[in-house]
Amino acid sequence: MPVEQCQFELYINADGYESKTRGSPMFPCGAYWWDLNDSDADKIPCHWHEEIEVLIAVSGALQLHINGEHHYLSAGEGAFINSNVLHAICGADETDSVLNSLVFSASLLSGPAESVFEQRYVRPVLNCRSLPIALFRIGEEWTRKAAQCIRDAYDAYNEEKNGYELIVREKLSHMWYLLITNMQPVIERQYVSEDKDIVRIKEMMHYLHQHYDEKINLREIAAAANISERECLRCFNKVIGTTPMKHLNRYRISVAAGLLANSGKNVTEICRLTGFESTSHFALTFKKMLEMTPSEYRKLYNPV
């Protein structure tokens, strides 16, 4: 399973989840790298998934948007992102920022639901609403070791030597041990209910991802969460750091990029299927976000 170079599109379903399968049922883990900078085009848009994600800032600096809060990582630092946590990532400075990540099912570490690993060590972390993210800084010993575990796991995955799956699981298990040992006071605080703004965002994103191919206005988006238009704008700005319409356009372009790369549909048809009012507006938005035209994107990723 070679490391994948991630392109712009994410496989997000109507519920807002990134639905791409990671690895295989036999080894539910995927490794990825992103080349980011500080432009709007090169970012990982807001999404969430059931799997855990761990990452390392290889070069440059990263800005992580997690449940409405902003966190910064310098080169060499890493992070743990819990299951079902809203997150977006972009470059944080003028230089190119490279990100390595592993996205994996908790079952990789926990085994069967009735096992001691699942019940005592994995499930408490997954259920901990007060631990959406853990930052692995260079300056503290245990977090530095946790970041090294992620690097070692990523390298083993990339090299694919005989038995690499065992090494990946071993390194991620040790990172998990460091996490639960040093974050125990936080893990013991189990918050059952989600922040109301997070709930609202998920409801509105659900609506956007179901109706992206239609003409949508701010009033309809706000109504999906039973809030005012002003509250809708505040909520998006706080949690995601953007406006509802910008998120909608980014999602539309993500879908369009997938159609360009994986189908034979022409640009006019893709424009209609993704909810844009005109091909000129579609082309302009596409180029602004991906820094190439739809035709150039298709030639690059679907040359046949």
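Bear in mind that the values here come from a model prediction, so they are computed numbers and not experimental data.

**Student:** Residue-level account of the pattern of salt bridges, with values.
**Tutor:** By the definition in use, this model includes 12 salt bridges. Residue glutamate 141 pairs with lysine 145 through a salt bridge whose shortest N-O separation is 3.2 Å. Taken together, the residues glutamate 141 and lysine 145, both in helix α3 (residues 141-159) and 4 residues apart, mark about one turn of the helix. The exposure class of glutamate 141 is partly exposed, given its relative accessible area of 48%. Given the relative accessible area of 44%, lysine 145 is considered partly exposed. If you follow the salt bridges from partner to partner, you end up with Asp197, Arg200, Glu231, Arg234 and Lys238 in one network.

**Student:** Break down the packing of helix α2 (residues 116-126) against helix α4 (residues 164-182) for me, with residues and values.
**Tutor:** The contact between α2 and α4 brings their axes to 11 Å, and the two run at 70 degrees. In this view, α2 runs roughly perpendicular relative to α4, as classed from their interaxial angle. Residues Tyr121, Val122, Val125 and Leu126 of α2 pack against Trp176, Leu179 and Ile180 of α4. Within the contact of α2 with α4, the residues separate by chemical class into 7 nonpolar, no polar and no charged.

**Student:** Can you break down the packing of aromatic side chains residue by residue, with the values?
**Tutor:** Geometrically, a pair of aromatic rings is defined through the distance of the ring centres and the angle of the planes. For the structure on display, the rule yields 9 aromatic pairs. Members of the aromatic cluster, each reached through a chain of ring pairs, are Phe276, Phe282, Phe286 and Tyr297. Here lysine 202 stacks its cationic end above the ring of tryptophan 48, 5.0 Å away from the centre of that ring. The ring of phenylalanine 276 carries the charged tip of arginine 252 above its face, separated from the ring centre by 5.8 Å.

**Student:** I'd like a description of the nonpolar core, backed by residues and values.
**Tutor:** The nonpolar side chains of soluble globular proteins are, as a tendency, buried together. Phe80, Phe136 and Trp176 are the most contacted members of the largest nonpolar core, which totals 39 residues. In this view, phenylalanine 80 contacts Ile52, Glu53, Val54, Val125, Leu131, Pro132, Ile133, Ala134, Phe136, Met175, Trp176 and Leu179; residues no more than four positions away in its chain are not counted. One finds Met204, Ile227, Cys235 and Ile240 within the second-largest nonpolar core, a separate group that totals 24 residues.

**Student:** Please give an account of unusual backbone geometry that cites residues and values.
**Tutor:** One non-glycine residue, glutamate 160, lies in the positive phi region at around 55 degrees. Checked against the element boundaries, glutamate 160 lands in the loop between α3 and α4. The phi torsion at asparagine 226 lies on the positive side, around 55 degrees, for a residue other than glycine.

Rules used throughout
- Residues numbered from 1 in each chain as written.
- Predicted model: local features only at pLDDT ≥ 70, side-chain atom pairs only at ≥ 80, totals over all residues.
- Heavy atoms only, no water.
- Salt bridge = Lys/Arg side-chain N within 4 Å of Asp/Glu carboxyl O.
- Helix = DSSP H or I, 4+ residues; strand = E, 2+ residues; numbered from the N terminus.
- Buried < 20%, exposed > 50% of the residue type's maximum accessible area, 1.4 Å probe, protein only.
- Axes fitted to C-alpha atoms, helices over the stretch in contact; angles between N-to-C directions.
- Parallel < 35°, antiparallel > 145°, perpendicular 65-115°, else oblique.
- Contact = heavy atoms within 4.5 Å.
- Nonpolar A, V, L, I, M, F, W, Y, C, P; charged D, E, K, R; others polar.
- Phe/Tyr/Trp six-rings, centres within 6.5 Å; stacked < 30°, edge-to-face > 60°.
- Lys NZ or Arg CZ within 6 Å of the ring centre and 35° of its normal.
- Core = buried A, V, L, I, M, F, W, Y, C linked by side-chain atoms within 4.5 Å.

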